[in-house]
Amino acid sequence: MDMHRIFYQKRKDIRAVVHTHSTYSTTLATLRWDLPASNYYLAIAGGNNVKCADYASFGTWDLAEKAYEAMQNRYACFLANHGLLTGSIDLPNAFSIAEEIERCAETYYRAKSIGEPVLLSDEEMDFMLEKFQTYGQVKA
Ligand SMILES: [Zn+2]
């Protein structure tokens, strides 16, 4: 499948890709929202947000390219009106990122439903990204 292959071809740091239609990630992707830094654990995806890729039909090279673009310098992205995509060095890490991003999407959704979530600063997220490089990884 192109959406998996494009990462194996172009990114040395991605050797496994996980794709889901999990509810809360798909909900935000339906709004075509990025997931902002509402929780430090978002750093597991390698950035201070998870970006939503532009819409393209499933199973097309166009979707693969749009996902690739949204996942630059990241290990996760949303697919507009579709779902979630994650990638990592191996399957356990890619799966773990998918689980954690879905959890972040759920808590963001829940917080947003009763108030305005307070977001972490870029400085704090940079610090979290540093920490995740050393102890955030699941051991394969
Ligand atoms: Zn799908």
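What you see is a predicted model, and the numbers here were worked out from it, not measured in a lab.

## Quick word on the pattern of salt bridges
At step 1: Scanning the model with the defined rule gives six salt bridges in all.
At step 2: Between arginine 103 and glutamate 100 there is a salt bridge, and its shortest N-O distance comes to 2.9 Å. Of this pair, arginine 103 and glutamate 100 both sit in helix α4 (residues 91-114), three residues apart, which is roughly one turn of that helix.

## Considerations on the environment of glycine 87
At step 1: Of note, glycine 87 is situated in strand β4 (residues 83-88).
At step 2: Separated by 13 residues in sequence, glycine 87 and arginine 74 place their C-alpha atoms 8.6 Å apart.
At step 3: For glycine 87, the contacting residues outside a window of four places in its chain are Ile14, Ala16, Val17, Met71, Tyr75, Ala94 and Ile97.

## Structural notes on unusual backbone geometry
At step 1: Look at arginine 32: it is not a glycine, yet its phi comes out positive at around 60 degrees.
At step 2: For asparagine 81, which is not glycine, the phi torsion reads 55 degrees and is therefore positive.
At step 3: Examined against the element boundaries, asparagine 81 turns out to sit in the loop between β3 (76-79) and β4.
At step 4: Exposure remark for asparagine 81: the relative accessible area of 38% places this residue in the partly exposed category.

## Some remarks on helix α3 (residues 61-70)
At step 1: All of the buried residues in α3 are Leu63, Ala64, Ala67, Tyr68 and Ala70. On an axial view of α3, the arc spanned by its buried residues comes to 165 degrees, and they lie on one face.
At step 2: Those residues of α3 that are buried lie in contact with α1 (2-10), β2 (51-53), β3 and β4.

## Some words on the coordination of the zinc ion
At step 1: Surrounding the zinc ion are the protein donor atoms His19 (NE2), His21 (NE2) and His82 (NE2), at 2.0 to 2.1 Å.
At step 2: Between consecutive donors of the zinc ion, the numbers of intervening residues give the motif H-x1-H-x60-H. With histidine 21 in the loop between β1 (16-20) and α2 (23-31) and histidine 82 in the loop between β3 and β4, this pair connects stretches of sequence that are 61 residues apart.
At step 3: Judged by its relative accessible area of 56%, histidine 21 falls in the exposed class.

## Re the packing of aromatic side chains
At step 1: Scanning the model with the defined rule gives five aromatic pairs in all.
At step 2: On the numbers, 5.2 Å between centres and 65 degrees between planes, the contact of tyrosine 24 with tyrosine 109 is edge-to-face. In this pair, tyrosine 24 sits in helix α2 while tyrosine 109 sits in helix α4, placing the two residues 85 residues apart along the sequence.
At step 3: Classification of tyrosine 109 as partly exposed rests on a relative accessible area of 39%.
At step 4: Linked through ring pairs, Tyr40, Tyr41 and Phe132 together constitute an aromatic cluster.
At step 5: Note that lysine 10 overlies the ring of tyrosine 68, its terminal NZ or CZ placed 4.9 Å from the centroid.
At step 6: Taking the ring centre of tyrosine 41 as reference, the NZ or CZ of arginine 103 above it sits at 5.5 Å.

## Overview of the packing of α2 against α4
For any two helices packed against each other, the geometry is given by the interaxial angle and the distance between the axes.
At step 1: Here α2 crosses α4 at 65 degrees, and the two axes come no closer than 7 Å. Remark: the crossing between α2 and α4 carries left-handed chirality. Residues Thr23, Tyr24, Ser25, Thr27 and Leu28 of α2 lie in contact with α4, whose contacting residues are Ile101, Glu102, Ala105, Glu106, Tyr108, Tyr109 and Arg110.
At step 2: A per-class count over the contact of α2 with α4 returns six nonpolar, three polar and three charged.

Parameters at a glance
- Residues numbered from 1 in each chain as written.
- Predicted model: local features only at pLDDT ≥ 70, side-chain atom pairs only at ≥ 80, totals over all residues.
- Heavy atoms only, no water.
- Salt bridge = Lys/Arg side-chain N within 4 Å of Asp/Glu carboxyl O.
- Helix = DSSP H or I, 4+ residues; strand = E, 2+ residues; numbered from the N terminus.
- Contact = heavy atoms within 4.5 Å.
- Buried < 20%, exposed > 50% of the residue type's maximum accessible area, 1.4 Å probe, protein only.
- Arc of directions from axis to C-beta.
- Donors = N, O, S within 2.8 Å, 3.2 Å for Na, K, Ca; no water.
- Phe/Tyr/Trp six-rings, centres within 6.5 Å; stacked < 30°, edge-to-face > 60°.
- Lys NZ or Arg CZ within 6 Å of the ring centre and 35° of its normal.
- Axes fitted to C-alpha atoms, helices over the stretch in contact; angles between N-to-C directions.
- Left-handed = near helix turned anticlockwise from the far one by under 90°.
- Nonpolar A, V, L, I, M, F, W, Y, C, P; charged D, E, K, R; others polar.

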